[in-house]
Amino acid sequence: MPSAASAVATYDNAKVLNRFELTKRLIARLKSEEAVIGGIGNTNFDLWSAGHRPQNFYMLGSMGLAIPIAFGVALAQSQRHVIALEGDGSLLMQLGCLVTIAAQQPKNLTMVIMDNGLYQITGRQPTPAAGTADYVALARAAGLSKCAWAGDEEDFDRLIDAALADGGPTFIAARIDDNPGVGTTDRDPVQIRQRFMMGLGVRTKV
Amino acid sequence: MHVGSIVLETAKPAIAPWYEIVQHTLKHNDVRLVTYVPDKVFIPLIENLHADPDFLTFATAREEEALGIVAGAWMGGRRGAVLMQTSGFGTIPNVLASLVVPYQVPAIIFVSERGTLREFNLGQALVCRTMRPVLESLAVESHTITRHDELEFIVDRSIKQAVATQAAVVFILSPLLTGGKMFEASGGLSEAKPTIDLAVRLGP
């Protein structure tokens, strides 16, 4: 099994997982009101469907900014761990953010990339990176030393636990299938933002 | 009647240069995170912010990213500002329209105005023409600042308004204020270095 501590998963040997299942597994491991930023489309749909938490933020536009937004939250609240859930196509929109984060080294930031090689939500068109680029290799080349492919579900759990315990920045990529998001987030940006700020303790009342 | 170039040329040593006023006003308003994609006009501001331990200042790869970071920071309780040049503004309308405006994020944005008053690059001149129509179409507050004596008033009050109303504000710093960027051969900035140590005057 790739989840054995000695085995290092690669793109080629990583099991193809499911975004919603991974999102549920991630949420189940959060015990300290960690903030989670869901990127545009399926990543935030599945975050929403996994069960709303006050510390969840759902992006409705600004494709590619889940990681920068999460980084900003991490800078503002250094005691809170912040996780960005981002799709592979979205990451391609803002690959440069990886070098910024590598330069700044926020210890409380974890990036989770869901890679199906597709723009699933727009009709399953392959991304320009599909079958060619390796996101973990890109992250490593950007200067992020803690980066890994999730070999399977248990390996994903282990990587998340390590990221939360040891500090980051950590970059975790998972190969996923082409299933669409399970639900649809309520699209009320002011409510999303206000709830999130209350969940982070920045706001105390509506 | 005010003539901007005369103000620059006759500035008294006791008057802080524009970039020190911006730095001081940001600090005074507890805006102490600054992300930027650089511009030559902003060199003294960027250098001073980096040198000031009260600020966390760093470059990003792209203006959208810089804006996303300060949006996240604000939601986490920390105020931030973004610096960019006119062409950088051309990259952010999607983020303004889909993040900053609909989520009511009081982003504080400084744009070094290129493309006018002796611009030498047609690309800059054209992108400059897109900036104000974009801001107007999004109903984003903006001020073109030309006068040194109005700078602190506009920036200070507009930051307070941005925070109070949860709405972004864009400060377009005109070459009339900053000296702008001219032909490379001319040496760029015409403004003198500060003659007083503002950091000492302001204290920590």
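Figured I'd write up the structure that's included with this text. All values derive from a computational prediction rather than experimental measurement.

Some thoughts on the overall build of chain A
Helix and strand content of chain A: 8 helices and 8 strands. The dimensions of chain A, computed from C-alpha atoms along their principal axes, are 50 × 40 × 30 Å. Expressed as a percentage of the 206 residues in chain A, the buried residues total 50%. Within chain A, contacts between residues at least 6 apart in sequence are counted, and of these 75% link residues at least 24 apart.

Section: the interface of chain A and chain B
The accessible area lost on association of the parts is a frequent measure of interface size. With 27 residues of chain A in contact, the opposing surface of chain B contributes 25 residues. Mapped onto the side of chain A that touches chain B, the elements with two or more residues apiece are α3 (66-76), α5 (97-104) and α8 (189-199) of chain A. The residue makeup of the side of chain A that touches chain B, split by class, is 18 nonpolar, 8 polar and 1 charged.

Notes on the sheet that holds strand β4 (residues 109-115) of chain A
Residues and elements named next belong to chain A. The 6 strands are arranged β2-β1-β3-β4-β8-β7 in an open sheet whose pairing can be described as parallel. One side of each edge strand has no neighbouring strand; the edge strands of this open sheet are β2 (56-58) and β7 (146-149). Sheet twist, expressed as the mean angle between neighbouring strand axes with direction ignored, is 15°. The pairing of strand β3 (residues 82-87) with β4 spans 6 bridges and is classified as parallel. Each residue of the ladder has a partner; that of Ile83, found in β4, is Thr110. In the packing of helix α7 (residues 153-166) onto the sheet, the strands contacted are β4, β7 and β8 (170-175), and the crossing angle to β8 comes to about 165°.

Some thoughts on the nonpolar core
Core analysis: the largest hydrophobic core is formed by 115 residues, its most contacted members being Ala70 and Ala150 of chain A together with Val70 of chain B. It is α3 of chain A that provides the largest number of residues to this core, a total of 9 residues. Residues contacting Ala70 of chain A, with those up to four places away along its chain left out, are Ile37, Val82, Ile83, Ala84 and Leu109 of chain A together with Gly72 of chain B.

Thresholds applied
Residues numbered from 1 in each chain as written. Chains lettered and ligands numbered in written order. Predicted model: local features only at pLDDT ≥ 70, side-chain atom pairs only at ≥ 80, totals over all residues. Helix = DSSP H or I, 4+ residues; strand = E, 2+ residues; numbered from the N terminus. Buried ≥ 20, exposed ≤ 12 C-beta atoms within 10 Å, placed from the backbone. Contact = placed C-beta atoms within 7 Å. Nonpolar A, V, L, I, M, F, W, Y, C, P; charged D, E, K, R; others polar. Pairing = 2+ DSSP bridges. Axes fitted to C-alpha atoms, helices over the stretch in contact; angles between N-to-C directions. Core = buried A, V, L, I, M, F, W, Y, C linked by C-beta atoms within 7 Å.

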